[in-house]
Amino acid sequence: MARTRTFTREQLDTLGLPDDLATETTAADFPEAAVELHREQVDTRRWVSVHELVFRAPDDGKAYRVTYEQGLTEHQDDTDAWDYARTVEAVEVEQYERSVPAWRPVEEHQEQPPACGRAAATGKPCPDHAETGLAFVDGRDALAYVIIRPAGETDDAEHITVDAAARGMSKAATAYALRSIADQFDAAASAEGDEPIPYPASEQPTGQKFPCGIAVFCDQCGITHRGDYIVTDQMTKGDRLEVARDHLRRNEGWSCTADGDFCPGCKKTARAH
């Protein structure tokens, strides 16, 4: 049950209710007056309107809500705000937030095509988008983009321009993703009977690291240990094999020497011989 407080008509008059309350800015100048917090009309009757008033009492600092009446015409100027009651019961209230649904007219509008990948990645308009032969693509969440255009009259791979950028992912990750896409295009070309065009490998190693699957065989029993190891493009095939052999020596109990590679079960026999 809500907490209430009973005010006499005299107390309400001293507080300035219903029409002579203080505001938040004038409260200091009128310390005996209540401070108006909220006021709205909640009902209309034949001769009077009904209003809800929320105020803060100066003696206890609490907020209260009361209702009062107001005459609708000059003939009701003598309307008693409290309907001649000797006391008025006020409900203690507190402020809270609430969402109120509202309605607005529906306007006709044309769907705007979404921004292209280049615009999304660079944050700038794409002046050439309408000239491409591709459909509009929603690129607002794009991390990178690649646009390939003909540089001449033909679609020869040697006569194209490539516009690319990455925003939101590293260039190394972007390059890896593009190589994966290139593999997919090559597979699709092969399925259609179109021979993929070989791409020459880089002649200058960069030291880039990548995972490589390497298998080491036991020279005695033939058991195979396979694993993925991090190598670089500067390593020879022998260097990469040595990475795997070093791992087996340190962590798997293998014997890997110039005499051969032997698993833990065979290395004792190999030593005896």
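Residues numbered from 1 in each chain as written. Predicted model: local features only at pLDDT ≥ 70, side-chain atom pairs only at ≥ 80, totals over all residues. Heavy atoms only, no water.

Asks: Quick question: what am I supposed to make of the overall build of the protein here?
Replies: Each helix and strand counted, the protein has 5 helices and 11 strands in total. Burial status across the protein gives 23% buried among its 273 residues. In the protein, once contacts between residues fewer than 6 apart in sequence are set aside, the share between residues at least 24 apart is 40%. Of the roughly 20900 Å² of accessible surface on the protein, a fraction of 51% belongs to carbon and sulfur atoms. (Helix = DSSP H or I, 4+ residues; strand = E, 2+ residues; numbered from the N terminus. Buried < 20%, exposed > 50% of the residue type's maximum accessible area, 1.4 Å probe, protein only. Contact = heavy atoms within 4.5 Å. Areas by Shrake-Rupley, 256 points an atom, 1.4 Å probe, with all protein chains shown as cover.)

Asks: Looking at this model, I keep getting lost on the sheet that holds strand E5 (residues 87-93). Mind explaining?
Replies: As a general point, the strands of a sheet are linked pairwise by backbone hydrogen bonds and lie either parallel or antiparallel. A sheet is described by the order of its strands in space; here 5 strands give the open sequence E1-E5-E4-E3-E2, paired in antiparallel fashion. What marks the edges here is a single partner per strand, and that holds for strand E1 (4-8) and strand E2 (35-44). Strand-to-strand, the axes of this sheet are offset by a mean angle of 30°, without reference to chain direction. Two strands pair when backbone bridges link them, and strand E4 (residues 63-71) and E5 are joined in this way by 3 bridges, in the antiparallel orientation. When the bridges of E5 are listed, Ala63 appears paired with Val93. (Pairing = 2+ DSSP bridges. Axes fitted to C-alpha atoms, helices over the stretch in contact; angles between N-to-C directions.)

Asks: How do you make sense of the packing of aromatic side chains when you look at a structure like this?
Replies: When we look at a pair of aromatic rings, we describe it by the centre distance and by the angle of the planes. Counted under the stated rule, the structure contains 4 aromatic pairs. With centroids separated by 5.6 Å and ring planes inclined at 80°, the aromatic side chains of Phe7 and Tyr64 adopt a geometry described as edge-to-face. Here Phe7, found in strand E1, pairs with Tyr64, found in strand E4; they are 57 residues apart in sequence, far enough to count as distant. When sorted by exposure, Phe7 lands in the same class as Tyr64, which is buried. Seen from their ring centres, Phe55 and Tyr64 are 6.0 Å apart, and the 35° between their planes marks the pair as tilted. An identical accessibility class is assigned to Phe55 and Tyr64; each is buried. Members of the aromatic cluster, each reached through a chain of ring pairs, are Phe7, Phe55 and Tyr64. (Phe/Tyr/Trp six-rings, centres within 6.5 Å; stacked < 30°, edge-to-face > 60°.)

Asks: Just checking my understanding: could you explain the nonpolar core for this structure?
Replies: General note: in soluble globular proteins, nonpolar side chains tend to be found buried as a group. Counting residues in hydrophobic clusters, the biggest one holds 16 residues, and the most contacted among them are Phe7, Leu17, Phe55, Val66 and Trp82. Residue assignment for this core shows that the elements contributing at least two residues are helix H1 (9-15), strand E3 (48-56), E4 and E5. If you tally residues by element for this core, the top one is E4, at 3 residues. When residues no more than four places from it in sequence are discounted, the contact partners of Leu17 are Leu12, Ala34, Leu53, Phe55, Val66 and Trp82. (Core = buried A, V, L, I, M, F, W, Y, C linked by side-chain atoms within 4.5 Å.)

Asks: Teacher, can you tell me more about helix H4 (residues 237-252) here?
Replies: At 3.6 residues per turn, the α-helix brings residues three or four places apart onto the same side. End to end, H4 covers 22 Å across 16 residues, agreeing with the expected 22 Å (1.5 Å per residue, within 8%). The secondary structure elements touched by the buried residues of H4 are strand E8 (209-217), strand E9 (224-232), strand E10 (255-257) and strand E11 (260-262). (Expected span 1.5 Å × (residues − 1).)

Asks: Honestly, the layout of surface pockets in this entry has me stumped. Any pointers?
Replies: Empty space among the atoms can be located by rolling a probe the size of a water molecule over them. Estimated volume of the second largest pocket: approximately 540 Å³. Secondary-structure elements contributing two or more residues to the lining of the second largest pocket are E2, E3 and E4. Among the elements that make up the lining of the second largest pocket, the one with the highest residue count is E2 (3 residues). By residue class, the composition of the lining of the second largest pocket is 5 nonpolar, 2 polar and 5 charged. (1 Å grid on protein atoms, 1.4 Å probe; cavity = no way out; pocket = protein on both sides within 12 Å on 5 of 7 lines; lining within 4 Å. Points joined across faces, edges and corners; volume = space filled by probe spheres on them. Nonpolar A, V, L, I, M, F, W, Y, C, P; charged D, E, K, R; others polar.)

Asks: How should I be thinking about helix H3 (residues 171-191) in this particular structure?
Replies: Taking 1.5 Å of rise per residue, the 21 residues of H3 would be expected to cover 30 Å, and the 30 Å separating its terminal C-alpha atoms lies within 8% of that figure. Gly193 lies just past H3 and shows a positive phi near 85°.

Asks: Explain the side chain of Ser255 here, please?
Replies: Topologically, Ser255 is positioned in strand E10. Accessibility expressed as a relative area gives 13% for Ser255, which makes it buried. Discounting chain neighbours no more than four positions away, the residues touching Ser255 are Gly260, Asp261, Phe262 and Lys267.

Asks: Hey, could you run me through unusual backbone geometry in this one?
Replies: With the exception of glycine, most residues fall at negative phi, and the peptide bonds are largely trans. The omega torsion across Leu17 and Pro18 is 5°, close enough to zero to call that bond cis. Structurally, the position occupied by Pro18 is in the loop between H1 and E2. Of note in the backbone geometry, Asp83 takes a positive phi value of approximately 55° without being a glycine. Mapping Asp83 onto the fold places it in the loop between E4 and E5. Overall, the relative accessible area of 51% leaves Asp83 in the exposed class. Its identity as a non-glycine residue notwithstanding, Tyr84 has a phi of 65°, on the positive side.

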